[in-house]
Amino acid sequence: MIALYARDPDPVDVALQVGRLHACAAFRGWQDPCIFMDTADNASDVCPGWETLRHLVETGRIETVACVRLDRLGPDAETLKQWEASGVSIVAIAP
């Protein structure tokens, strides 16, 4: 399963990121990707989208994660490195 994730404190920016992720998914031919998003300032904020994504990755249901604006992930960016080391494909989309 493919997952698209966006996080930004500005809901408009989240919507723009999701649009970029949809374009990337269409370009790569990904069918029906799951979309997760959070409106948060940093990793200390509550991020239910991230928590759901993390659970699905850790239970082996997600094989590829695409993100825009990795700088918005804060310490959670390290989690992406761990996932990549365990075989999950990480796709970083330029903003």
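Here is what the cut-offs are and how they apply
Residues numbered from 1 in each chain as written. Predicted model: local features only at pLDDT ≥ 70, side-chain atom pairs only at ≥ 80, totals over all residues. Heavy atoms only, no water. Helix = DSSP H or I, 4+ residues; strand = E, 2+ residues; numbered from the N terminus. Buried < 20%, exposed > 50% of the residue type's maximum accessible area, 1.4 Å probe, protein only. Areas by Shrake-Rupley, 256 points an atom, 1.4 Å probe, with all protein chains shown as cover. Lys, Arg positive; Asp, Glu negative; His and termini not counted. Charge placed at Lys NZ, Arg CZ, Asp CG, Glu CD. Axes fitted to C-alpha atoms, helices over the stretch in contact; angles between N-to-C directions. Parallel < 35°, antiparallel > 145°, perpendicular 65-115°, else oblique. Left-handed = near helix turned anticlockwise from the far one by under 90°. Contact = heavy atoms within 4.5 Å. Nonpolar A, V, L, I, M, F, W, Y, C, P; charged D, E, K, R; others polar. Salt bridge = Lys/Arg side-chain N within 4 Å of Asp/Glu carboxyl O. Phe/Tyr/Trp six-rings, centres within 6.5 Å; stacked < 30°, edge-to-face > 60°.

With respect to the overall build of the protein chain
At step 1: Along the protein chain, the regular secondary structure elements total three helices and four strands.
At step 2: Sequence-ordered secondary structure for the protein chain, helices as α and strands as β, is β-α-β-α-β-α-β.
At step 3: Evaluated residue by residue, the protein chain yields a buried proportion of 40% over its 95 residues.
At step 4: Accessible surface, the protein chain: about 5,200 Å² in total, of which carbon and sulfur atoms supply 53%.
At step 5: Separation between the mean location of the 8 positive side-chain charges and that of the 14 negative ones in the protein chain comes to 4 Å.

Let's talk about the packing of helix α2 (residues 48-58) against helix α3 (residues 77-85)
At step 1: Here α2 crosses α3 at 15°, and the two axes come no closer than 12 Å. Judged on the interaxial angle alone, α3 and α2 are roughly parallel. The crossing of α2 and α3 is left-handed. Facing Trp50, Leu53, Arg54, Val57 and Glu58 of α2, the residues of α3 in contact are Thr79, Leu80 and Trp83.
At step 2: For the contact of α2 with α3, the residue count by class is five nonpolar, one polar and two charged.

Thoughts on the pattern of salt bridges
At step 1: Within this structure, the stated rule accounts for five salt bridges.
At step 2: For Asp76, the salt bridge goes to Arg7, with nearest N and O atoms at 2.9 Å. On the criterion of sequence distance, the pair formed by Asp76 in the loop between β3 (64-68) and α3 and Arg7 in strand β1 (residues 2-7) is long-range, its members being 69 residues apart.
At step 3: Classification of Asp76 by relative accessible area gives buried; the value is 14%.
At step 4: Arg7 gets classed as buried once you look at its relative accessible area, which sits at 1%.
At step 5: Of the charged contacts, one joins Arg54 and Glu51 as a salt bridge, the two residues approaching to 2.6 Å between their closest N and O atoms. Of the two residues, Arg54 and Glu51 are both situated in helix α2; the distance of three residues between them amounts to about one turn of the helix.
At step 6: Judged by relative accessible area, which is 39%, Glu51 ranks as partly exposed.

Notes on the packing of aromatic side chains
At step 1: If you walk through the whole model with that rule in mind, you get two aromatic pairs.
At step 2: Arranged with centres 5.2 Å apart and planes meeting at 20°, the rings of Trp50 and Trp83 form a pair that is stacked. Taken together, the residues Trp50 in helix α2 and Trp83 in helix α3 connect sequence positions 33 residues apart.
At step 3: Under the relative-accessibility criterion, Trp50 is labelled buried at 0%.

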